[in-house]
Amino acid sequence: MNVSARAEVLVLAAVLMTAGASLGQQGELSPVPVQRHVEYLASEAGKRLGTTAMGELMDIAKRWESLDAKTKEWMEKLLNVLQELNAGQSEAIFRPIEAKPEAQRRDLVKKAFDDLVSGASVPAGIKEMPAVCIVIIGAGVDHKSGLGDMEVCAPRIAAEIAPFGTFLQNISSVWLGLKQRPQWIGELLTGKRMGWIVSDKDVFKFMSPTVLHFFRKAGGTRQGKAWIITSGDKENIIFDALPLHPQWDELYRPVAVTSVHLRRYDEAVRDHFLSQLRSIKNPLAVQKNLPSSLTPGKLRLDTDFDDVSAREVIKDAIAMRGGNTCDSNAFVQELAAQLLLSSINPELIIVRFGPDWRIDSEKQQRKLKDLMTRKMRDDDEAAFNVWTAFRRNPYYRRNGYFILLAEGHPGCIVVGPDIHVGLVVGARFKLEEMLPTVAHMLSFDWAKFTEGFGKTSGPIEALFRKK
């Protein structure tokens, strides 16, 4: 995106290594020593290289301050190249080395590193599929207090995301406000104007499969390749099972981490915490031990998710919370970031942040505006953190589309490999057009994507550069 690889790597490292650090008065991140930057980048790049290569890379990184200028330049080039290798390329280069006698491995690793730095050709590796990450923010916020004035209300999005893609100013839907959240998300996920989601007492059910189900069926992909993560629902929305379509019910379920699940996980963590406290007696020690003592089985993740790798990512994210509430936007952000950085590399991810429900009941306009502003600032920071994780993963940098939607109002930002850069489009589009647009991004024939459930309109052509 018009940024050199070296500069991008160092800037991203600075952002990531200072996550959680306090911001200065101008909103700038606190400086972090270069030594830590390099060690962090080496640890990230080395995860896919094998034991010997990882050890050699970390050994060099830890000696960074004592390296001469020529070796530092060599190391920077190496890290840039390693960051861009896909999983298949890394395996093709370094896996054969691990199969050699131990006495030979270190010299072979050094030669492989030198070859990569000198520009030697690398194996093609496995073919990588395109991916789409949709982030939904701003529930309950009006257009003026949302992306309509994002330079003020969402400065991170305005400065760090929007300039790299296209801003669609008018994505229309008949569903507005917090009371119509199920219908809005229903229209987005089914590609049907009237939402195709119905209320059965206190549960909402889909009358059509969602884009997640269509994707799994069309691509023949495993469950861990399709995710929706959402919190803060007062309503119970069934995103995974399709009780109105039993022939689809189990076969094409996505990984759906929703308030229905998260409230149960909160209870499971609390019960586990109390049981541990009886023997350990130290709350801090119990918190520290959660990553090892809290298992997928204790969280009953196996009842919801077929994918073993997905269970591990969810379990780790819950354990890292240290007993804090999972049914929250903070957890949605953390889980999304961990997922984007995992080796699962999902091809379709939907991240939906919950609202501040005080917006629904506040009558005083001054207080209401203040709540909306705070909500957008929180969502702005959360969306930026998800974007940062998205950009950290070389797979998504090469193949990924990032879609930022404002729930209930018309702003939409799209970034991707063939998306116009720096373009603002004022033409009106419909929310239902997002489904065929996503199908097109994922390289499917959008006209056949929802076959058997009615036709959808075509993708939003204004987004794409002509080939």
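Attention in this report is confined to the structure presented alongside it. Because the structure is a prediction, the values reported are computed rather than measured.

All right, on to the sheet that holds strand 3 (residues 197–200) then. Spatial ordering of the open sheet is given by 3-4-6, a layout of 3 strands whose pairing is mixed. Looking along the sheet, the strands with just one partner apiece sit at the ends: strand 3 and strand 6 (236–237). Bridging between strand 4 (residues 203–206) and strand 6 involves 2 bridges; their strand directions are parallel. Bridging from a neighbouring strand, F204 pairs with I237 of strand 6. Most of the contacts of helix 9 (residues 181–190) go to strand 4, to which it runs at about 20°, and overall it touches strand 3, strand 4 and strand 6.

Taking 1.5 Å of rise per residue, the 13 residues of helix 13 (residues 308–320) would be expected to cover 18 Å, and the 19 Å separating its terminal C-alpha atoms lies within 8% of that figure. Listing the buried residues of helix 13 in full gives A310, R311, V313, I314, K315, A317, I318 and A319. N-capping of helix 13 is provided by D307, with a side-chain oxygen placed 3.0 Å from the backbone N of S309. Taken from the residues just after helix 13, G322 is the one with a positive phi, measuring 65°.

At K201, a residue that is not glycine, the phi angle is positive and equals roughly 60°. Turning to its location among the elements, K201 is positioned in the loop between strand 3 and strand 4. Notably, K281 is not glycine yet its phi reads approximately 70°, a positive angle. Note that K281 resides in the loop between helix 11 (259–280) and helix 12 (283–293).

Another aspect to go through is the packing of aromatic side chains. Under the definition given, this model contains 15 aromatic pairs. Pairing F214 with F453 gives two aromatic rings, centres 5.8 Å apart and planes at 70°, and the pair type is edge-to-face. Of the two residues, F214 sits in helix 10 (residues 211–219) while F453 sits in the segment after helix 19 (446–449), which places them 239 residues apart along the sequence. Just above the ring of F384 sits the side chain of R156; from NZ or CZ to the centre is 4.1 Å. Cation over ring: K192 sits above W196, and NZ or CZ is 5.0 Å from the ring centre.

It is worth spelling out a nonpolar patch on the surface at this point. On the surface, V198, M207 and L244 cluster together into a nonpolar patch covering about 220 Å² of accessible area. Checked against the element boundaries, L244 lands in the loop between strand 6 and strand 7 (255–257).

Right, let's talk about the pairing of strand 9 (residues 400–406) for a bit. Extensive coverage of strand 9 is indicated by the burial of 7 of its 7 residues. Burial of the side chains of strand 9 extends over both faces: G400, F402, L404 and A406 are buried on one face and Y401, I403 and L405 on the other. When strand 9 meets strand 10 (residues 412–415), the two strands line up antiparallel, connected through 4 bridges. Considered in strand 10, the bridge of L404 is made with I413. Once strand 9 ends, the chain turns through 5 residues before running back antiparallel as strand 10, passing G408 with a positive phi of about 85°.

The rules behind each value
Residues numbered from 1 in each chain as written. Predicted model: local features only at pLDDT ≥ 70, side-chain atom pairs only at ≥ 80, totals over all residues. Heavy atoms only, no water. Pairing = 2+ DSSP bridges. Helix = DSSP H or I, 4+ residues; strand = E, 2+ residues; numbered from the N terminus. Contact = heavy atoms within 4.5 Å. Axes fitted to C-alpha atoms, helices over the stretch in contact; angles between N-to-C directions. Expected span 1.5 Å × (residues − 1). Buried < 20%, exposed > 50% of the residue type's maximum accessible area, 1.4 Å probe, protein only. Polar contact = N/O pair within 3.5 Å; in protein donor to acceptor, adjacent residues only side chain to side chain. Phe/Tyr/Trp six-rings, centres within 6.5 Å; stacked < 30°, edge-to-face > 60°. Lys NZ or Arg CZ within 6 Å of the ring centre and 35° of its normal. Patch = residues over 30% accessible without salt bridge, like charges linked within 9 Å, V, L, I, M, F, W, Y side chains within 5 Å. Areas by Shrake-Rupley, 256 points an atom, 1.4 Å probe, with all protein chains shown as cover. Salt bridge = Lys/Arg side-chain N within 4 Å of Asp/Glu carboxyl O.

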